[in-house]
2 protein chains.
Amino acid sequence: MTAALWVALIIGLSTAVQHGATASYEYQIKTIDVPIDHFTYTGEATFKLRYLVNDTYAQGGNDLPNSPILFYAGNEGDIELFAQNTGFMWELAPKLKATLLFVEHRFYGHSLPFGNASYESPKNLGYLTSEQALADFALVLRTLNPPNGTIRARPVIAFGGSYGGMLAAWIRIKYPHLVAGAIAASAPIRQFQGLTDCGIFNQILTSVYQVAYTTECATNIRRSWTTLQNYSTSADGLRVLNEKFKFCTNLTRATDVTETLFDYLTDVYGNLAMINYPYPSSFLAPVPAYPVREFCGRLDKNYTGVELLDHLQSALSIYYNYDGKATCLNINSSYDGTGISDRGWDFQACTEMVMPICADGVHDMFLPQPWNMQTYADKCFKKYGVHPRPAAALLNYGGEFLDASITNIIFSNGLLDPWSGGGVLRSSNENVKIVLIPEGAHHLDLRASNPADPASVTRARAVHVQNIQKWLTEYRKQRKVY
Amino acid sequence: MTAALWVALIIGLSTAVQHGATASYEYQIKTIDVPIDHFTYTGEATFKLRYLVNDTYAQGGNDLPNSPILFYAGNEGDIELFAQNTGFMWELAPKLKATLLFVEHRFYGHSLPFGNASYESPKNLGYLTSEQALADFALVLRTLNPPNGTIRARPVIAFGGSYGGMLAAWIRIKYPHLVAGAIAASAPIRQFQGLTDCGIFNQILTSVYQVAYTTECATNIRRSWTTLQNYSTSADGLRVLNEKFKFCTNLTRATDVTETLFDYLTDVYGNLAMINYPYPSSFLAPVPAYPVREFCGRLDKNYTGVELLDHLQSALSIYYNYDGKATCLNINSSYDGTGISDRGWDFQACTEMVMPICADGVHDMFLPQPWNMQTYADKCFKKYGVHPRPAAALLNYGGEFLDASITNIIFSNGLLDPWSGGGVLRSSNENVKIVLIPEGAHHLDLRASNPADPASVTRARAVHVQNIQKWLTEYRKQRKVY
């Protein structure tokens, strides 16, 4: 299994590199020493945090103070992945004569506070929190962009998608002196306990599969759980599954199906909906345009039994083998080779990023899976020796109510993105703007323009630019005034 | 020495208790379990944080949501000391039908995360930071005042003086969803490196002594350093000093004078200026009305030599023995028995609360004492095994520039308070109000009304009330709107 996993990783990595080369977004890669712990003084250890800079568009000399810094708040993966998949910032930089800055999130990519021992838990891993990451970002911003006492520093606009979008919003809220405004794309800052119904995510997800091709698609998925379960109970059944799906490691126990495979499938359905972009892309995996439609095109009729398995396998290959390079199906991680670390996120989800998701099997295409905080907490404790603090994010950053003092944030959401259910879709605070993208998947607006883009995302980007310019104008007015 | 120290402590403590009884501000004393470390998940230990509540003025039943919570952000001492010396809040509570809530700062008073071992440094003491304290406050506020999803929680107005004022401002900036507005009295949030001239504090302090009675007062103080130094160099000289001043522990070395005594005197001069209230008070020590005037009344002519020593001793007794109970002068701490811990603050000053103060002997009444960050850092490392992060506070909370998103804060400063030099005395942000109290000492506006109050502090309190009412009205408007 280990060998196979490495094959998949190498394939994945070379894809990412190729993509980088194709996209031709170029930057200098640098590091900065940051404290492992910003909030206590029990130790003084630091580590090297990685960031990417492109300074070719910024104005020099006396005009430099007018050049904004476009800052991407890195999320749960290699920062190069996000730099290469956030074309909107690259298109903006020459227009705004801006410096581009992408900062990696600690514990992801190459920013490992304890090197290979970073994931030793929880002694080391415990420093993986959003507050520490925001403090890293703040330190980078203040170091690269110091004010001079009478003149404010260059204006910084934060960008981020998904968890990165949450961080972009939160850094504007928590460090308003460092960030003039934020584009928080597909940022589910309300996907926390007591605030958002845990069923919403899977309801939106299901409707994406229902409307993608024929309604049979969601019906087949719903049916597949029982079919797979039936095959899992005997050695013969497992043999059939192994033959059909060509798993990299043969399934040998029922739980290999009902846990590992089910988890993988659930992830893939979610991922496909997230990256359901109108053109081929390779963010979470190399996939064709509208991959959910492609997927559902192979599950377009009423299938049962072995026929359902055949069609499901064929549909899945849209995700794990669209480029035809995979020799087997690795169900251990749906992110293999992308640079995204689900191991790191899994820990965050067990501490302060508890984002409840459930299914009832009626309003969604999944097996009923109620949310049970106690069960979840027990699992986390068993895995990492930590107890989740499910209220932590709302306590730290706020939730439902956006205080009038929160300004200069755009929350944008694609309505075809299952995460939009926990996003900010309404605000009575006129300084917090909402941009809805009815035809959009997960942070489509942050990606490079494409002829296939729906009109709503083009409009969304125009609104972003308009607001950024407004924020910059206001900031420049305030620059010399205290 | 230890025995003597304990005597002083016991005297001091009983003073505090007496004062509490006299002031007759009453409250329930409660505790809440808070994490020792809010920002990492390396451990799960909690400790009992103490807070005081008085609920007798709040409206009950359906009107409760309209009852504000007046919250005092505890600073570097026993929270009861601040509750008893913040009469303004007690006067406001019945008017606003408010709940009173005073929350103790970790590592002070009875809120010791590791009990008697709390000051073992830096393994335990390292958790003494302003960020952790703010997170404690936030947790208390959210626990006692939870929103219900569609209705916001009761409005909270934060109050604080001095470091507590800094925390009151900062909790409004960092947790705007929990705090609707803040009265930050005498909060030197700009007394940090690169922002405020380190000499300002002692210049203001000197001018307070120059104008209090006769200008000879400051001249005598300036002269006293050399006189004391001269007496410190011989056994005979030291004997004279010990006889004159009746130290609790005899001085035996020159450095007992030039370090311990000089530090004590410097502290006392600062303290007297801070508590230079227009009526007798017992905040840092039991003192008469306008104690600097009383002090300077005893140094009103041109004294030299032994005569200067006699007068200095007599003047000092205004501070350490106004009630006539002290049998000796303990120069080990100017805060003995107040409930204020200079040991805890000293550590904070060695980590993130580095607030540079210097003297040049020309514009102030002190011996020239330049600020040297390296020397300071070395001293901190030797004492606590920590290196200061002098940029930490500005990085975390901002400094010179108050972003337009910072709202609903009043910064009030008495201009006779040496800390006002590092305070917020100007703002172009119309939602951050500045209130100057020309005749005011350190956070005089937070104290109970007194017939001796100058008109400027009465006006300041009226402005506070006006703004608090405005904040409450706005908050109530927003309560049901998202």
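Keep in mind that this is a model prediction, so the values were computed, not measured. (Residues numbered from 1 in each chain as written. Chains lettered and ligands numbered in written order. Predicted model: local features only at pLDDT ≥ 70, side-chain atom pairs only at ≥ 80, totals over all residues. Heavy atoms only, no water.)

1. Describing the nonpolar core
So, point 1. Grouped together as the largest cluster of nonpolar side chains are 317 residues, with contacts concentrated most on F159, Y209 and F295 of chain A together with F159, Y209 and F295 of chain B.
So, point 2. Residue contacts for Y209 of chain B: discarding those within four places in its chain leaves T214, C217, A218, I221, V268, Y269, L272, A273, V292, F295, C296 and M365 of chain B. (Core = buried A, V, L, I, M, F, W, Y, C linked by side-chain atoms within 4.5 Å. Buried < 20%, exposed > 50% of the residue type's maximum accessible area, 1.4 Å probe, protein only. Contact = heavy atoms within 4.5 Å.)

2. Let's talk about the interface of chain A and chain B
So, point 1. Across the contact, 58 residues belong to chain A and 59 residues belong to chain B.
So, point 2. Summing the contributions of chain A and of chain B, the shared interface buries around 5000 Å²; its carbon and sulfur component is 57%.
So, point 3. A salt bridge links D403 of chain B to R172 of chain A; the shortest N-O distance between them is 3.2 Å.
So, point 4. There are 23 residue pairs in polar contact (both at pLDDT 80 or more) connecting chain A and chain B.
So, point 5. Looking at the side of chain A that touches chain B residue by residue, the classes come out as 24 nonpolar, 20 polar and 14 charged. (Buried area = accessible area lost by both parts, 1.4 Å probe. Salt bridge = Lys/Arg side-chain N within 4 Å of Asp/Glu carboxyl O. Polar contact = N/O pair within 3.5 Å; in protein donor to acceptor, adjacent residues only side chain to side chain. Nonpolar A, V, L, I, M, F, W, Y, C, P; charged D, E, K, R; others polar.)

3. Considering unusual backbone geometry
So, point 1. Here the phi dihedral of K97 of chain A falls at roughly 50 degrees; this positive angle occurs in a residue that is not glycine.
So, point 2. Relative to the assigned elements, K97 of chain A resides in the loop between α3 (87-96) and β4 (99-103). (Helix = DSSP H or I, 4+ residues; strand = E, 2+ residues; numbered from the N terminus.)

4. Points about the state of the cysteines
Residue and element names in this part refer to chain B.
So, point 1. Across all of its chains, the model carries 8 disulfides over all chains by this definition.
So, point 2. The residue that forms a disulfide with C198 is C358, at a sulfur-sulfur distance of 2.1 Å. One disulfide, between C198 and C358, carries an S-S torsion of 85 degrees and so falls in the right-handed class. Of this pair, C198 sits in the loop between β6 (181-185) and α6 (200-212) while C358 is found in the loop between α12 (342-349) and α13 (373-384), placing the two residues 160 residues apart along the sequence. (Disulfide = S-S within 2.5 Å.)

5. Comments concerning a negative patch on the surface
All names here are of chain A.
So, point 1. Side chains of E259, D263, D267 and D342 sit close together on the surface and give a patch of like negative charge.
So, point 2. Top contributing element to the negative patch by residue count: helix α9 (residues 254-274), with 3 residues.
So, point 3. Tracing the backbone through its elements, the reader meets E259 in helix α9.
So, point 4. On the basis of relative accessible area, E259 is assigned to the partly exposed category, the value being 48%. (Patch = residues over 30% accessible without salt bridge, like charges linked within 9 Å, V, L, I, M, F, W, Y side chains within 5 Å. Areas by Shrake-Rupley, 256 points an atom, 1.4 Å probe, with all protein chains shown as cover. Lys, Arg positive; Asp, Glu negative; His and termini not counted. Charge placed at Lys NZ, Arg CZ, Asp CG, Glu CD.)

6. Observations concerning the relation of the copies chain A and chain B
So, point 1. Mapping chain A onto chain B calls for a screw motion: a turn of 180 degrees about the axis and a shift of 0.0 Å along it, with 0.0 Å RMSD after fitting. Each copy turns onto its partner about a two-fold axis.
So, point 2. By residue overlap, the copies meet face to face through one surface: 100% of the interface positions of chain A are interface positions in chain B. (Least-squares fit on C-alpha atoms with pLDDT ≥ 70 in both.)

7. Focus on helix α11 (residues 305-320) of chain B
The α-helix winds at 3.6 residues per turn, so residues separated by three or four positions along the chain end up facing the same way.
So, point 1. The end-to-end C-alpha separation of α11 of chain B is 22 Å, in line with the 22 Å expected for 16 residues at 1.5 Å each.
So, point 2. Burial in α11 of chain B covers these residues: L308, L309, L312, A315, L316, S317, I318, Y319 and Y320 of chain B. (Expected span 1.5 Å × (residues − 1).)

8. Description of the side chain of S224 of chain A
Residue and element names in this part refer to chain A.
So, point 1. Looking at where S224 falls in the secondary structure, it is placed in helix α7 (residues 216-232).
So, point 2. Since its relative accessible area comes to 1%, S224 is described here as buried.
So, point 3. Non-local contacts of S224, meaning those with residues more than four positions away in its chain, are made with L308 and L312.

9. Things to note about the sheet that holds strand β5 (residues 156-161) of chain B
Residues and elements named next belong to chain B.
So, point 1. Across the sheet, 8 strands lie side by side as β1-β2-β4-β3-β5-β6-β7-β8; this open sheet has mixed pairing. Looking at which strands have only one partner, the edges of the open sheet turn out to be β1 (28-35) and β8 (432-437). Along the sheet, successive strands turn relative to each other by an average axial angle of 20 degrees, direction set aside.
So, point 2. Note that strand β3 (residues 69-73) and strand β4 (residues 99-103) share 5 bridges and pair parallel. Looking at the pairing, A73 lines up with V103 of β4.
So, point 3. Set on the sheet, helix α4 (residues 130-144) makes contact with β1, β2 (46-54), β3, β4 and β5; between it and β1 the angle comes to about 115 degrees. (Pairing = 2+ DSSP bridges. Axes fitted to C-alpha atoms, helices over the stretch in contact; angles between N-to-C directions.)

10. Structural notes on helix α15 (residues 455-478) of chain B
Residues and elements named next belong to chain B.
So, point 1. The terminal C-alpha atoms of α15, which comprises 24 residues, lie 35 Å apart, in line with the 34 Å expected from a rise of 1.5 Å per residue.
So, point 2. Considered for burial, the residues of α15 that qualify are S456, V457, A460, R461, H464, N467, I468, W471, L472 and Y475.
So, point 3. Residues of α15 that are buried in the fold lie against α3 (87-96), β5, β6, β7 (409-414) and β8.

11. Brief notes about the domain arrangement of chain A
Interface size is commonly expressed as the accessible area that is lost once the parts come together.
Residue and element names in this part refer to chain A.
So, point 1. Considered domain by domain, chain A is made up of domain 1 (30-193 + 395-478) and domain 2 (199-353 + 355-370).
So, point 2. The straight-line distance from the C-alpha centre of domain 1 to that of domain 2 is 30 Å.
So, point 3. Counting from both sides, the interface comprises 40 residues of domain 1 and, opposite them, 27 residues of domain 2.
So, point 4. The junction of domain 1 with domain 2 conceals about 3000 Å² of combined surface from both sides, 68% of it contributed by carbon and sulfur atoms.
So, point 5. Summed over the shared surface of domain 1 and domain 2, the result is 0 salt bridges.
So, point 6. Viewed at the interface, domain 2 and domain 1 are joined by 10 residue pairs in polar contact (both at pLDDT 80 or more).
So, point 7. At the level of secondary structure, the elements contributing two or more residues to the side of domain 1 that touches domain 2 comprise α2 (79-84), α4 (130-144) and α5 (163-174).
So, point 8. Partitioned by chemical class, the residues of the side of domain 1 that touches domain 2 number 20 nonpolar, 14 polar and 6 charged. (Domains from an automatic or database assignment.)

12. A word on the packing of aromatic side chains
Residues and elements named next belong to chain B.
So, point 1. In this structure the tally under the stated criterion is 47 aromatic pairs over all chains.
So, point 2. Ring centres of Y27 and W90 lie 6.3 Å apart, and the angle between their planes is 45 degrees; on these two criteria the pair is classed as tilted. Placement of Y27 in the loop between α1 (2-23) and β1 and of W90 in helix α3 is noted, with a sequence separation of 63 residues between them.
So, point 3. Owing to a relative accessible area of 19%, Y27 belongs among the buried residues under this scheme.
So, point 4. Judged by centre distance (6.2 Å) and plane angle (65 degrees), the ring pair of F82 and F283 falls under edge-to-face. (Phe/Tyr/Trp six-rings, centres within 6.5 Å; stacked < 30°, edge-to-face > 60°.)

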